[in-house]
Amino acid sequence: MKETLEALLKEALEKIQAAEDGRALQEVRVSYLGKKGPITEVLRGMGKLSAEERPVVGQLANEVRDEIKAKLDKKEQELEEIRISKQLAEQKLDVTMPGRPVPQGSRHPLQAVVEELEDIFIGLGFSVEEGPEVETDYYNFEALNLPKDHPARDMQDSFYFTEELLLRTQTSPVQARTMEAHQGVGPVKIICPGRVFRRDNDDATHSHQFMQVEGLYIDHNVRMSDLRGILDTFVKRFFGEDREIRLRPSFFPFTEPSVEVDVSCGICGGKGCRVCKQSGWIEVLGAGMVHPKVLEMSGFDPNEYSGFAFGMGVERLAMLKYAIDDIRHFYTNDTRFLSQFKRV
Ligand SMILES: [Zn+2]
């Protein structure tokens, strides 16, 4: 018995020594110390031994088992240390290496322009109003002095759901709704940014969907000079302090008098060039004094109140500011285009 146990111990220690990884070691552990292993078998067979032999063999078997177990644990720890140091040697960390770039999104240029406009006009005392994109014929046209048979409606052909319901062609209905909500009591001083829709043929400068920002100021004694002052301040803040504005007579059904507003060309400084078609000026927006009829329809007394309104295309402003040559770039989701506006 004693010889058998000593042979077992020698054999097990050799196998432990030879084990190269945790798996081999686990196999040794199971085959020598497991329930079906040779040591358990020796202990089971003790009944056949004499009373003198029993404690001697029992003690030896326990000693052999403990030694195998201790050697297994030691070897396991050694193997783990080897594995870790090998891994550390393979994975050297160079803290001077440049980091991997994290892809970063950016605001859409149109959104960036809208936010810039909001900042400018909030600074001038305006608040921001929004309204529905699906609008009634009344708010989109009639409340703005465009009755059903008005020829100016042809310029704003739209997408109709029913006779009375359409995708709004302008953000002016937000003005009409806000005026109505004020119930004839001023002041009203708002800008309305938002998407509008027209049945346009899409080309480099036209899109069936685009963005507008309109402004409205109604109060006692609002004059044309107030409109000019606000627009001049806006143009200087948005395009640059060296830019000037020019007002030309025009026609809109909801304002009287109405004007087209030009800004001095930023390329040639007003001398004339290809961009401004040699005129020195570039058209940026339409404006005018709110038509007395529009005031009246919205519940304001035209004898007591006056006001001005203006409207501009966000795409056009963005195209002028960033020298973009095709309006369709805004809608094609090409990251080569969009990623140029990271710091806008
Ligand atoms: Zn020019």
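An unreviewed UniProt entry annotates the protein as Phenylalanine--tRNA ligase alpha subunit of Alkalicoccobacillus murimartini. On record in UniProt, under Subunit (unreviewed entry), the comment for the protein is "Tetramer of two alpha and two beta subunits." One UniProt comment on the protein, placed under Subcellular location (unreviewed entry), says "Cytoplasm".

1. Here we look at the pattern of salt bridges
Across all of its chains, the model carries 23 salt bridges by this definition. Arg65 serves as the salt-bridge partner of Asp66, at 4.0 Å between the closest nitrogen and oxygen. Arg65 gets classed as partly exposed once you look at its relative accessible area, which sits at 33%. Between Glu67 and Lys71 there is a salt bridge, and its shortest N-O distance comes to 3.6 Å. In this pair, Glu67 and Lys71 both sit in helix H4 (residues 53–90), 4 residues apart, roughly one turn of the helix. The class of Lys71 is partly exposed, set by a relative accessible area of 34%.

2. A closer look at the packing of aromatic side chains
Scanning the model with the defined rule gives 15 aromatic pairs in all. Ring plane angle 70° and centroid distance 6.4 Å describe the contact between Phe330 and Tyr331, whose orientation is recorded as edge-to-face. When its relative accessible area of 2% is taken as the criterion, Phe330 is described as buried. For Tyr331, a relative accessible area of 31% corresponds to the partly exposed category. Taken together, the ring pairs in this structure connect Phe121, Phe126, Tyr217, Phe234, Phe238, Phe239, Phe308 and Phe310 into an aromatic cluster. Over the ring of Tyr139 we find Arg177, and its NZ or CZ is 4.2 Å from the ring centre. Over the ring of Phe238 we find Lys321, and its NZ or CZ is 4.2 Å from the ring centre.

Here is what the cut-offs are and how they apply
Residues numbered from 1 in each chain as written. Predicted model: local features only at pLDDT ≥ 70, side-chain atom pairs only at ≥ 80, totals over all residues. Heavy atoms only, no water. UniProt positions renumbered as here; feature names shortened; annotations may be inferred. Salt bridge = Lys/Arg side-chain N within 4 Å of Asp/Glu carboxyl O. Buried < 20%, exposed > 50% of the residue type's maximum accessible area, 1.4 Å probe, protein only. Helix = DSSP H or I, 4+ residues; strand = E, 2+ residues; numbered from the N terminus. Phe/Tyr/Trp six-rings, centres within 6.5 Å; stacked < 30°, edge-to-face > 60°. Lys NZ or Arg CZ within 6 Å of the ring centre and 35° of its normal.

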